[in-house]
Amino acid sequence: MTTELFPQLSMPQVNPAGPQLAAAQAKRAQLNRDAVLSATPVRLLTMLYDRLMLDLARAEAAQVGENWPTASENLLHAQAIVDELTTSLDVTAWDGADGLLAVYTYVSNALIGANIHRDPARTRESIILLEPLRQAWHEAAGALTAPQSAPSSEGYRGVA
């Protein structure tokens, strides 16, 4: 008698890596949550842009490969990030905010069109528009967190 003929007699197969993999994934998810919850507003903004660009790259690759469910999932997540960026933008804070709002609105509409019409060109256009913004936010964040210049010859905090 073989277990292939009588599957009810076979022993269940246990993947020993299964519980370890699940534990590792749970730990990674917790670390990601902790990173987001403890991030400064500047760091959170750069994290959003990084994830947005990752979603768009994945969506574009899925569209090119005609994997429409994956493309849609990534485009929807990208739309959610653009919506978050839009709602958190204070248009009264600086003169360029209206222009940034217009970019976000345009990209949001492009992503909807990319998803509905399965159009990788619209996804690519969104990447082209947003990548310079991602880089600029990273540069601005780096400038804020850059170490201060060396003390002058006057001594520490200007005291000789």
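Note that the structure is predicted; figures quoted are calculated from it, not measured. (Residues numbered from 1 in each chain as written. Predicted model: local features only at pLDDT ≥ 70, side-chain atom pairs only at ≥ 80, totals over all residues. Heavy atoms only, no water.)

Q: I keep staring at the confidence of the model for the protein and nothing clicks. Help me out?
A: Close inspection of predicted coordinates is inappropriate in any region flagged by low pLDDT. Mean pLDDT over the protein: 84, with 79% of residues reaching 70 or higher. For residues 1-11, every residue scores under 50 in pLDDT, and the model assigns this stretch four contacts once sequence neighbours within four places are set aside. Overall, residues 155-160 carries pLDDT values under 50, and its contacts beyond four positions in sequence, including any with other chains, amount to two contacts. (pLDDT = per-residue confidence, 0-100. Contact = heavy atoms within 4.5 Å.)

Q: Would you mind going over helix H3 (residues 68-88) with me for this structure?
A: Residues separated by three or four positions in an α-helix point in the same direction, a consequence of the helix having 3.6 residues per turn. For H3, built from 21 residues, the straight-helix expectation of 30 Å at 1.5 Å per residue is met to within 8% by its first-to-last C-alpha distance of 30 Å. Those residues of H3 not exposed but buried are Ala71, Asn74, Leu75, Ala78, Gln79, Ile81, Val82 and Leu85. End-on view of H3: buried residues confined to an arc of 165°, all on one side of the axis. Those residues of H3 that are exposed and aimed more than 90 degrees away from the buried face are Pro69, Glu73, Thr87 and Ser88. (Helix = DSSP H or I, 4+ residues; strand = E, 2+ residues; numbered from the N terminus. Expected span 1.5 Å × (residues − 1). Buried < 20%, exposed > 50% of the residue type's maximum accessible area, 1.4 Å probe, protein only. Arc of directions from axis to C-beta.)

Q: What is the right way to look at the packing of helix H2 (residues 41-64) against H3 in this model?
A: The relative placement of two packed helices comes down to the angle between their axes together with the axis-to-axis distance. Packing of H2 against H3 brings their axes to within 8 Å, and their N-to-C directions diverge by 155°. When the axes of H2 and H3 are compared, the pair comes out roughly antiparallel. Helix-helix and strand crossings are classified by hand; for H2 and H3 the assignment is left-handed. On H3, the residues touching Leu45, Leu48, Tyr49, Arg51, Leu52, Asp55, Leu56, Arg58, Ala59, Ala62 and Gln63 of H2 are Trp68, Thr70, Ala71, Asn74, Leu75, His77, Ala78, Ile81, Val82, Glu84 and Leu85. The residue inventory of the contact of H2 with H3, partitioned by class, reads 14 nonpolar, four polar and four charged. (Axes fitted to C-alpha atoms, helices over the stretch in contact; angles between N-to-C directions. Parallel < 35°, antiparallel > 145°, perpendicular 65-115°, else oblique. Left-handed = near helix turned anticlockwise from the far one by under 90°. Nonpolar A, V, L, I, M, F, W, Y, C, P; charged D, E, K, R; others polar.)

Q: Quick question: what am I supposed to make of the pattern of salt bridges here?
A: Once their charged atoms are close, side chains differing in charge can pair, the charge on each being opposite to the other. By the definition in use, this model includes five salt bridges. The residue Asp50 makes a salt bridge to Arg134 at a minimum N-O spacing of 3.1 Å. A residue pair is termed long-range when its members are at least 10 positions apart, and Asp50 in helix H2 and Arg134 in helix H5 (residues 120-145) qualify at 84 residues. The exposure class assigned to Asp50 is partly exposed, which follows from its relative accessible area of 29%. Measuring nitrogen to oxygen at the nearest pair gives 2.7 Å for the salt bridge that ties Glu60 to Arg124. (Salt bridge = Lys/Arg side-chain N within 4 Å of Asp/Glu carboxyl O.)

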